[in-house]
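The residues making up each chain are set out below.
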Amino acid sequence: MAALAVRSVPGRRARPAVVRRRPRRRARDRLARAGAVARDGQRSHIDEPKSEQRRRTVPVEVIHPGTVALLRSLIARQAAERLRAGEAYTDSGLVVVDALGVPVRPEWYSDTFRGLCSEAEVPLIRLHSVRHSLAFWLHKVGVSPADAAALLGHTVEVHLSTNLPDSGSAGIAAAAAALGRAAASE
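Conventions used here
- Residues numbered from 1 in each chain as written.
- Predicted model: local features only at pLDDT ≥ 70, side-chain atom pairs only at ≥ 80, totals over all residues.
- Heavy atoms only, no water.
- Helix = DSSP H or I, 4+ residues; strand = E, 2+ residues; numbered from the N terminus.
- Buried < 20%, exposed > 50% of the residue type's maximum accessible area, 1.4 Å probe, protein only.
- Contact = heavy atoms within 4.5 Å.
- Areas by Shrake-Rupley, 256 points an atom, 1.4 Å probe, with all protein chains shown as cover.
- Phe/Tyr/Trp six-rings, centres within 6.5 Å; stacked < 30°, edge-to-face > 60°.
- Axes fitted to C-alpha atoms, helices over the stretch in contact; angles between N-to-C directions.
- Parallel < 35°, antiparallel > 145°, perpendicular 65-115°, else oblique.
- Nonpolar A, V, L, I, M, F, W, Y, C, P; charged D, E, K, R; others polar.
- Core = buried A, V, L, I, M, F, W, Y, C linked by side-chain atoms within 4.5 Å.
- pLDDT = per-residue confidence, 0-100.
- Salt bridge = Lys/Arg side-chain N within 4 Å of Asp/Glu carboxyl O.

A.B. asks: Mind showing me how you'd approach the overall build of the protein here?
C.D. replies: Broken down by element type, the protein carries seven helices and five strands. In sequence order, the protein lays out its α and β elements as β-β-β-β-β-α-α-α-α-α-α-α. Here the protein holds 186 residues, and the buried ones make up 33% of them. When contacts within the protein are restricted to residue pairs at least 6 apart in sequence, long-range pairs at least 24 apart make up 45% of them. Accessible surface, the protein: about 11,800 Å² in total, of which carbon and sulfur atoms supply 58%.

In structure tokens:
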């Protein structure tokens, strides 16, 4: 599920991103972000992305080699489920669906994440916090704020104000040292 993004809504659980399969004629190593699954009473529906930068295609195979093979396996399993279910199957074109093709309930993502954290014996954090951790990690490995924002579907302004902690005096010292090295090499 490395290709899935999650966004949160104040006062609600995280709302999972909806990821659509790409048509066969397009790149097969990418997934298109299409919206978010939301609950309206007992029914799920798909919201449109809140902004244009959230509608994007992510090269998942570059991020995690083997993802495309896993997705192909999932899609093959869904094709078999579609045949077994016949007309009862809903062909939504989405990647994460139940045995009848219906998008999974949003809380499934949080419940599954909690279970994975427990199995791995790592501290439990909110699923949405993984997104912030990823943003911070991207910056630590030298990805520019604009590129990190594009990958995560943010504007640069929102990305910088939301995902980067105040680095304080250590950050000032590191920035000054980098600037000094760059100036000395000129």
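Now, onward.
A.B. asks: Looking at this model, I keep getting lost on the packing of aromatic side chains. Mind explaining?
C.D. replies: Aromatic ring pairs are defined here through the distance separating the ring centres and the angle between the ring planes. Counted under the stated rule, the structure contains one aromatic pair. Ring centres of Trp-108 and Tyr-109 lie 5.0 Å apart, and the angle between their planes is 80°; this geometry places the pair in the edge-to-face category. Residue Tyr-109 is classed as buried on the basis of its relative accessible area, which comes to 10%.

A.B. asks: Please explain the packing of helix 5 (residues 145-152) against helix 6 (residues 156-163) as it appears in this structure.
C.D. replies: Closest axis-to-axis distance for the helix 5/helix 6 pair is 9 Å, and the angle between their directions is 95°. If you check the angle between helix 5 and helix 6, you find them roughly perpendicular. Side by side, helix 5 and helix 6 meet where Pro-145, Ala-146, Ala-148, Ala-149 and Leu-152 of the first sit next to Val-156, His-159 and Leu-160 of the second. Considering only residue class, the contact of helix 5 with helix 6 consists of seven nonpolar, one polar and no charged.

A.B. asks: Where do I start with the nonpolar core in this structure?
C.D. replies: A general trend in soluble globular proteins is that nonpolar side chains are found buried together. In terms of nonpolar packing, the biggest core is built from 12 residues, these being Val-58, Val-60, Val-68, Leu-71, Leu-74, Val-95, Val-96, Val-104, Tyr-109, Phe-113, Cys-117 and Leu-127. Every element with two or more residues in this core is listed here: helix 2 (67-85) and helix 3 (106-120).

A.B. asks: Can you walk me through the confidence of the model for the protein in this structure?
C.D. replies: Parts of the model with low pLDDT should not have their predicted coordinates read in detail. The share of residues in the protein with pLDDT of 70 or more is 70%, and the mean pLDDT across the chain is 77. The least confident element of the protein is strand 1 (residues 6-8), whose mean pLDDT is 35; the most confident is helix 2, at 92. Throughout residues 1-18 the model reports pLDDT below 50, and contacts reaching past four residues in sequence, or to other chains, amount to 59 contacts. Confidence over residues 22-27 falls short of pLDDT 50; this stretch has five contacts with residues more than four positions distant or in other chains.

A.B. asks: Sorry, what's going on with the pattern of salt bridges here?
C.D. replies: Between side chains of opposite charge, a pair can form as their charged atoms come close. In the structure shown here, the tally under the stated rule is four salt bridges. Note that Arg-82 is salt-bridged to Asp-91, the shortest N-O span being 3.9 Å. A residue is classified by how much of its surface remains accessible, and Asp-91, at 53% relative accessible area, is exposed.

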